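Letter by letter, the chains look like this.
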2 protein chains.
Amino acid sequence: MDQVEIFKALSNKTRLQILSWLKAPAENFPEQPNADFENIGVCVGQIQNKAGLSQSTISEYLSILQRADLVSATRVGQWTYYKRNKEGIEQLSKIINSEL
Amino acid sequence: MDQVEIFKALSNKTRLQILSWLKAPAENFPEQPNADFENIGVCVGQIQNKAGLSQSTISEYLSILQRADLVSATRVGQWTYYKRNKEGIEQLSKIINSEL
DNA sequence: AATGTATATCGACTTTTCCCGATATACCAA
DNA sequence: TTGGTATATCGGGAAAAGTCGATATACATT
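Since the structure is predicted, the reported quantities are computational estimates derived from the model, not experimental observations.

**Overview of the pairing of strand 2 (residues 71-76) of chain A**
Residues and elements named next belong to chain A.
- Relative to strand 3 (residues 79-84), strand 2 runs antiparallel, the two being bridged by six bridges. Bridge pairing links V71 to R84 in strand 3.
- From the end of strand 2 to the start of strand 3, which pair antiparallel, there are two residues, and G77 there has a positive phi angle of about 60 degrees.

**Brief notes about the protein's contact with DNA strand D**
- Among the 21 residues in the neighbourhood of DNA strand D, the closest are listed as E60 and Y61 of chain A together with G45, S56 and Q78 of chain B.
- Atoms of DNA strand D within 4 Å of the protein: sugar and phosphate make up 61%, bases the balance.
- Within the side chain of K8 of chain A, one N or O atom sits 3.0 Å away from a phosphate oxygen of DNA strand D.
- A distance of 3.1 Å is found between a phosphate oxygen of DNA strand D and a side-chain nitrogen or oxygen belonging to Y82 of chain B.
- At the level of elements, helix 5 (55-67) of chain A together with helix 4 (44-51), helix 5 (55-67) and strand 3 (79-84) of chain B are the ones that each hand at least two residues to the surface near DNA strand D.
- With four residues, the single largest contributor to the surface near DNA strand D is helix 5 of chain A.

How each quantity is defined
- Residues numbered from 1 in each chain as written.
- Chains lettered and ligands numbered in written order.
- Predicted model: local features only at pLDDT ≥ 70, side-chain atom pairs only at ≥ 80, totals over all residues.
- Heavy atoms only, no water.
- Pairing = 2+ DSSP bridges.
- Helix = DSSP H or I, 4+ residues; strand = E, 2+ residues; numbered from the N terminus.
- Near = heavy atom within 4 Å.
- Polar contact = N/O pair within 3.5 Å; in protein donor to acceptor, adjacent residues only side chain to side chain.

Take a look at the structure:
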C-alpha cells in the first residue's frame, strides 16, 4: 500500500470522523438488530445517517478507507459491515515513528 | 492545528520525501558551509535540488509542512533553513494512537 | 416473478491540489 | 546604490478530489 494513499484517505474530515466512530461503535451508533458491531462492524446505512452525506458519497468514502487498509468490510445478506482495521492503523503508526 | 491539514500536508509524495530526508540530513544532503544542519536545518535550495521540482513549488511545499507544524523554519541572512519539528510529529503520533 | 431494501457504481459539476513561470522581496557584496 | 543570490508570493492551466442524483446490482420477501 502506497503511503500517500493512506494519508489521502485521512485528508478528509468526514473520513476521519468515520474512523474515530468505528473505534468505539457502541458509543457512537444505536444498536443494530442481528449484528454485533464490535465483531462484525457497522453497516453503511448507520454510518451514512450519522455522517449526513449522501449514500453514494459514504459508500465511496468507505471504499477509500478500505483501499488504504484502515477498515475492513464484511458482506452479510444485503448489508455491508465496516470495521476498524487494527493492523492497518498500527502499520500507519509504525510508518510515522520510523520514517517521519 | 486542524488534523485534516496535517494529513493533507502528508498526502503528497514529494512532501513525504522531504520529511524523511529531514529526519537524517547528514545522510541525505551534502554539507553546507556555515550551517550545521543538525541544529539549524537544511536550506531551501538544497531541498529543491534533491527534489527536482521548481523553486516555487518547493517553497510552497515547505510552507505547507510548516503550517502543519511538521517542520520549523529559521531565517539566517538570505537563507531559510527548515528542519523536522519533533514536537509536531509526536503530536501526530498521539492523534493516531488515541483517536483512530 | 415482482417488489422492496441496502449498497455500489456512474456521470456530472464544483472545488481543491499540483506544479509551473514570472515577479516581488529580502538580504548581501562590491 | 547597483547588481547578485535566496526565498516567497502570485496567477494560471491541468489533474484530482468532493459531492451529488440517478442508475445498477445484489439480496430478501412475498
